[in-house]
Amino acid sequence: MENEKETDPLIESLMETKKKLHEHRAKLPVEEKIKILVQLQELANEIGPSKGKGMVWKIF
Amino acid sequence: MEKALKVIQELQEKRLIKNYAIGGGIGAIFYIEALLTYDLGIFFIPVEDTKIMVLSDIYNYLQNKGYKPDQEQIIIEGIPVQLIPVYNNLIKEAVEEAVSTKYKDTETRLVKAEYLMAIMLETFRAKDKERLIRFLEDLDFNKDSFIQILKRYDLKGKYDHFMRLYYGE
């Protein structure tokens, strides 16, 4: 039972890195995040099914 | 987005709305990392409690300025804006307790993180759960305040269930 609680150090390291990345991105200035949002909208519209498509913001 | 926020602010100055705050996905982006969303969600308190004509006066004003409605939104300066009258006491309190903030040089109002989280629990769509996880994991929010809001609006049980399900707590 003890072994079930152990996490692979590699997985643990990857999860920690991912957590730091999320935290870093959360702390970006909101203006930067809006630029990223527009990129996400463009990407989603290129690859996504038509059902999920929305309008890409025309702000730049 | 700055121009759209100025137009929203104008609605309050012209007394077409009593108060407002940014909510939804864009509200979330002020606190957590950028996530995919397509509209700028604005919760607002109408000038009067009459539900009829609440949106039509606002839409008339905006259309006179050249902005076009598109389904349940109106496109303001290139951004689909969803204007949502406060529809329950939680949302009303969220708007009343919203904080002033700035986007570039423009003053605006933003729903506090703890209220956004409570609203996510209330609406509880897949994207709300995803956003809530990001808030819980990436944000240093005021937990006491959050729990008080949940208790006031009978959401504490839902939160406990959510935490058991996703965090085994």
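Counting restarts for each chain: residues are numbered from 1 in the order of the written sequence. Note on labels: chains are lettered from A, ligands numbered from 1, in written order. Note on the predicted model: pLDDT of at least 70 is required for a residue's local features to be given, and 80 or more for side-chain atom pairs to be given and counted; whole-chain, interface and lining totals, by contrast, use all residues.

## Focus: the overall build of chain A
Then step 1. Looking only at helices and strands, chain A has three helices and zero strands in total.
Then step 2. Put simply, DSSP marks the helices as runs of H or I at least four residues long and the strands as runs of E at least two long, and each gets a number from the N terminus on. In chain A, the succession of helices and strands from N to C terminus is α-α-α.
Then step 3. Whether a residue is buried, exposed or partly exposed is read from the other C-beta atoms within 10 Å of its own C-beta, which are placed from the backbone; 20 or more gives buried, 12 or fewer gives exposed, and intermediate counts give partly exposed. Relative to its full complement of 60 residues, chain A shows a buried share of 8%.

## A closer look at the interface of chain A and chain B
Then step 1. In this description, any two residues whose backbone-derived C-beta atoms lie within 7 Å of each other are considered to be in contact. At the junction of the two partners, chain A supplies 19 residues and chain B supplies 19 residues.
Then step 2. Among the elements of the structure, α2 (9-26) and α3 (30-47) of chain A are those that each provide at least two residues to the side of chain A that touches chain B.
Then step 3. When residues of the side of chain A that touches chain B are assigned to their parent elements, the largest contribution, nine residues, is made by α3 of chain A.

## Overview of the pairing of strand β6 (residues 99-103) of chain B
Residue and element names in this part refer to chain B.
Then step 1. The pairing of β6 with strand β7 (residues 106-110) spans five bridges and is antiparallel. Its bridge partner lying in β7, Val99 is registered against Leu110.
Then step 2. A pair of strands is treated as paired once DSSP finds two or more bridges between them. The turn linking β6 back onto β7 is made up of two residues, and Lys104 within it adopts a positive phi angle of 55 degrees.

## Overview of the domain arrangement of chain B
Residues and elements named next belong to chain B.
Then step 1. What counts as a domain boundary in this text is fixed by an automatic or database domain assignment. Here the domain parsing of chain B yields domain 1 (2-111) and domain 2 (115-167).
Then step 2. Between the C-alpha centres of domain 1 and domain 2 there is a distance of 23 Å.
Then step 3. Listed as interface residues are twelve residues of domain 1 and, on the opposing side, eleven residues of domain 2.
Then step 4. When contributions to the side of domain 1 that touches domain 2 are tallied by element, the ones reaching two or more residues are α2 (24-29) and α4 (89-96).
Then step 5. Top element by residues in the side of domain 1 that touches domain 2 is α4. It accounts for three residues.
Then step 6. Looking at the side of domain 1 that touches domain 2 residue by residue, the classes come out as eight nonpolar, two polar and two charged. All amino acids are sorted into three groups, where Ala, Val, Leu, Ile, Met, Phe, Trp, Tyr, Cys and Pro are nonpolar, Asp, Glu, Lys and Arg are charged, and the leftover types, Gly among them, are polar.

## Let's talk about the packing of α4 of chain B against helix α5 (residues 113-123) of chain B
All names here are of chain B.
Then step 1. Between α4 and α5, the shortest axis-to-axis distance is 10 Å and the interhelical angle comes to 165 degrees. In this view, α4 runs roughly antiparallel relative to α5, as classed from their interaxial angle. Relative to α5, the crossing made by α4 is left-handed. Contact residues: Leu90, Ile91 and Ala94 in α4; Tyr115, Ala118, Ile119 and Glu122 in α5.
Then step 2. In terms of residue class, the contact of α4 with α5 is made up of six nonpolar, no polar and one charged. Axis definition: a line fitted to C-alpha atoms, over the contacting stretch in the case of helices. Angles run 0 to 180 degrees between N-to-C directions. Any angle that is under 35 degrees is reported as roughly parallel, and any over 145 degrees as roughly antiparallel; angles of 65 to 115 degrees are reported as roughly perpendicular and all others as oblique. Each crossing is labelled by how the near helix is turned from the far one, with a counterclockwise turn of less than a right angle marking it left-handed and a clockwise turn marking it right-handed.

## Remarks on the pairing of strand β2 (residues 40-46) of chain B
Residues and elements named next belong to chain B.
Then step 1. With respect to burial, β2 is a largely interior element, five of its seven residues being buried.
Then step 2. Of the pairings in the sheet, the one linking β2 to strand β5 (residues 79-85) comprises five bridges and is parallel in character. The partner of Phe44 across the bridge, within β5, is Pro85.

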